[in-house]
Amino acid sequence: MSNVTVVSLGGSIVVPDEVDTAFTAQFVAAIRSRLAQEPQRRFALIVGGGATARRYQEAARSLLPDVDAYTLDEIGIAATRVNAHVIRAAFGDLCRDPLVTDPTRVASFTGRILVGGGWKPGFSTDNVAVRLAETLGARTVINLSNIRQIYTADPKTDPDATPLSSVTWDELREIVGDEWVPGKNTPFDPVATKRAAELAMTVIAADGRDLFNLAALLDGSSFVGTTISGTRAPKPDRHGRSG
Ligand code: UTP
């Protein structure tokens, strides 16, 4: 099903604090217009937890300071699903199938938009998107978050960190590690990184709030982001643009 574009839609952009209905409406309109331009195109969107997950996980932690990671993950999964239901509702009749809760078992995909949330403890929705791409036979996942590009290191703590327009899976594994640490913010989930690398997928990370840039990415024109793939892409131009 190569006409399906799989997107990991970061919770941080849908629910930075409250549900950002202004952004969500614009995002839905952008995807709707893309569908109108491309009659064969379909989208599968896996929605993250954002502030919903963080808030409820913090509440659990304050009630039981040594609450286990599994329980926190379960709370996070519930948050991703409630956010996903909101996105599903926003697409109205473009979305005819039930919410995806297990990316390895997708009963049907009859609408033009399929929406899902978290699956099970031990990883984030990035990994759900990779697994869904695998199920649907898609070779690329678009990872939309609130960062424009992946950096060589965490730019908040390392002043020497520089943005990358392309990175190989091996290089990314050095940046994000191999292990799932709940609450640790990595540009792409380590479990998803391992799986996508094994499958030789391409993941394109970009800032989902910049809908102009997203349109360029979907058009196949020049965009700002980071392409993760098996091999190193040619050097970007001086504006850091790739694609
Ligand atoms: P997110 O996918 O939003 O994870 O799921 P994240 O890394 O915190 O946020 P992004 O990727 O920057 O948007 C929220 C939380 O839900 C749990 C995890 O605890 C995760 O941190 N979760 C989610 C799971 O345990 N399994 C899933 O399949 C999805």
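First, a word on what this report is: a plain description of the structure on this page. Predicted model only: the values in this text are computed from it and were never measured.

Structural notes on the overall build of the protein
Across its full length, the protein carries 8 helices and 9 strands. Relative to a compact globule of 243 residues, whose C-alpha radius of gyration would be 18 Å, the protein shows 17 Å and is just as compact. For the C-alpha atoms alone, the extent of the protein along its principal axes is close to 50 × 45 × 35 Å. By the burial criterion, 48% of the 243 residues in the protein qualify as buried. Within the protein, contacts between residues separated by at least 24 positions form 68% of all contacts whose residues are at least 6 apart in sequence. Here the protein displays about 11900 Å² of accessible surface, and carbon together with sulfur accounts for 52% of that area. Considering the protein, the positive charge centre built from 26 side chains and the negative charge centre built from 28 side chains are found 7 Å apart.

A short note on unusual backbone geometry
For A200, which is not glycine, the phi torsion reads 55° and is therefore positive. Looking at the element boundaries, A200 is found in the loop between α7 (190-198) and β8 (202-207). A residue is classified by how much of its surface remains accessible, and A200, at 52% relative accessible area, is exposed.

Comments concerning the sheet that holds β8
With respect to topology, 7 strands assemble into an open sheet ordered β3-β2-β1-β4-β8-β9-β7, the strand pairing being mixed. The sheet terminates laterally at β3 (113-116) and β7 (166-168), the two strands that pair on one side only. Strand-to-strand twist in this sheet, taken as the mean axis angle between neighbours without regard to direction, amounts to 20°. Looking at chain direction, strand β1 (residues 4-9) and strand β4 (residues 140-145) are connected through 4 bridges and run parallel. Bridged to V7 within β4 is I142.

Side note on the pattern of salt bridges
The tally for this structure, following the rule as stated, stands at 12 salt bridges. The partner of E18 in a salt bridge is R55, with the nearest N and O atoms 4.0 Å apart. Taken together, the residues E18 in the loop between α1 (11-14) and α2 (21-37) and R55 in helix α3 (residues 50-63) connect sequence positions 37 residues apart. Exposure remark for R55: the relative accessible area of 38% places this residue in the partly exposed category. Taking the shortest distance from any N to any O, the salt bridge between R41 and E38 comes out at 3.3 Å.

What about the site of the ligand?
In the vicinity of the ligand lie 21 residues, with G49, D73, W119, K120 and T125 positioned nearest. Between the ligand and the protein, one listed contact pairs an oxygen atom with a side-chain N or O atom of Q57 at 3.3 Å. D73 has a polar side-chain atom sitting 2.6 Å from an oxygen atom of the ligand. Out of a free accessible area of 570 Å², the ligand has 86% covered by protein chains. When residues of the shell around the ligand are traced back to their parent elements, those giving at least two are α3, α4 (69-90) and α5 (125-136). A total of 4 residues in the shell around the ligand trace back to one element, the largest contributor, which is α4.

Concerning the packing of α5 against α7
Here α5 crosses α7 at 25°, and the two axes come no closer than 7 Å. Comparing the axis directions of α5 and α7 gives the class roughly parallel. Where α5 crosses over α7, the two elements pack in a sense that is left-handed. Here α5 contributes D126, N127, V130, R131 and E134 to the contact with α7, which in turn contributes V191, A192, R195 and A196. For the contact of α5 with α7, the per-class residue count stands at 4 nonpolar, 1 polar and 4 charged.

Considerations on the pairing of β3
Of the two faces of β3, the one holding I113 and V115 and the one holding L114 and G116 are both buried throughout. In the sheet, strand β2 (residues 42-47) pairs with β3 via 4 bridges, with the strands oriented parallel. Each residue of the ladder has a partner; that of I46, found in β3, is G116.

A few points about the layout of surface pockets
Considered as a void within the structure, the second largest pocket measures approximately 250 Å³ in volume. As for the second largest pocket, its lining consists of 16 residues, of which V4, T5, R41, T140 and I142 are closest to the centre. In the lining of the second largest pocket, the residues fall into 8 nonpolar, 4 polar and 4 charged.

Concerning the environment of E198
Residue placement: E198 occurs in helix α7. C-alpha of E198 to C-alpha of W169: the two residues are 29 residues apart in sequence and 9.1 Å apart in space.

Conventions and cut-offs
- Residues numbered from 1 in each chain as written.
- Predicted model: local features only at pLDDT ≥ 70, side-chain atom pairs only at ≥ 80, totals over all residues.
- Heavy atoms only, no water.
- Helix = DSSP H or I, 4+ residues; strand = E, 2+ residues; numbered from the N terminus.
- Rg over C-alpha atoms; globule rule 2.2 N^0.38 Å.
- Buried < 20%, exposed > 50% of the residue type's maximum accessible area, 1.4 Å probe, protein only.
- Contact = heavy atoms within 4.5 Å.
- Areas by Shrake-Rupley, 256 points an atom, 1.4 Å probe, with all protein chains shown as cover.
- Lys, Arg positive; Asp, Glu negative; His and termini not counted.
- Charge placed at Lys NZ, Arg CZ, Asp CG, Glu CD.
- Pairing = 2+ DSSP bridges.
- Axes fitted to C-alpha atoms, helices over the stretch in contact; angles between N-to-C directions.
- Salt bridge = Lys/Arg side-chain N within 4 Å of Asp/Glu carboxyl O.
- Near = heavy atom within 4 Å.
- Polar contact = N/O pair within 3.5 Å; in protein donor to acceptor, adjacent residues only side chain to side chain.
- Parallel < 35°, antiparallel > 145°, perpendicular 65-115°, else oblique.
- Left-handed = near helix turned anticlockwise from the far one by under 90°.
- Nonpolar A, V, L, I, M, F, W, Y, C, P; charged D, E, K, R; others polar.
- 1 Å grid on protein atoms, 1.4 Å probe; cavity = no way out; pocket = protein on both sides within 12 Å on 5 of 7 lines; lining within 4 Å.
- Points joined across faces, edges and corners; volume = space filled by probe spheres on them.

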